[in-house]
Amino acid sequence: MTDEIHGLFPTTSGTEAEIINALNRRRTGLNPLAVAIAERHVREGDRAVELAGERYEIRDAEWSVEQDVYGCEDGRSCPDVTLIERERFEAIIANRLEDRG
């Protein structure tokens, strides 16, 4: 993950999992709903989000779609995923694969 300043906003770039972790670290002191919305946008495939004067950009990862969405190297085998999260993740994966053609 890298931190830089581009234009008006400090920018953090990293893989989807790294950006989600960075957003989660920012929860303290920020509106939790705003953080959750930014995280949702990232999980749904947005390549960049802005939150509280900072920009977060997703760079191409070496992980598969499943690994990116689940946020761990084990992909669909990640142990710390609830049934509700798994259903949501599978819908996101299907949507991304459909978008790729």
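What comes next concerns the included structure. (Residues numbered from 1 in each chain as written. Predicted model: local features only at pLDDT ≥ 70, side-chain atom pairs only at ≥ 80, totals over all residues. Heavy atoms only, no water.)

## Re the packing of helix α1 (residues 16–25) against helix α2 (residues 32–43)
Here comes step 1: Where α1 meets α2, the axes come as close as 10 Å, and the angle between the chain directions of the two elements is 175 degrees. With respect to each other, α1 and α2 are oriented roughly antiparallel. Each of E16, I19, I20, L23 and N24 in α1 lies in contact with α2, whose residues at this interface are V35, A38, E39, V42 and R43.
Here comes step 2: Looking at the contact of α1 with α2, its residues break down into six nonpolar, one polar and three charged. (Axes fitted to C-alpha atoms, helices over the stretch in contact; angles between N-to-C directions. Helix = DSSP H or I, 4+ residues; strand = E, 2+ residues; numbered from the N terminus. Parallel < 35°, antiparallel > 145°, perpendicular 65-115°, else oblique. Contact = heavy atoms within 4.5 Å. Nonpolar A, V, L, I, M, F, W, Y, C, P; charged D, E, K, R; others polar.)

## Describing the pattern of salt bridges
Here comes step 1: Scanning all chains against the criterion turns up eight salt bridges.
Here comes step 2: With its nearest N and O atoms 3.4 Å apart, the salt bridge here joins R43 to E39. Here R43 pairs with E39, and both are found in helix α2, just four residues apart, close to one helical turn.
Here comes step 3: The closest approach of N and O atoms between E50 and R55, which form a salt bridge, is 3.1 Å.
Here comes step 4: Here the salt bridges do not stand alone but share partners, grouping E50, R55 and E57 into one network. (Salt bridge = Lys/Arg side-chain N within 4 Å of Asp/Glu carboxyl O.)

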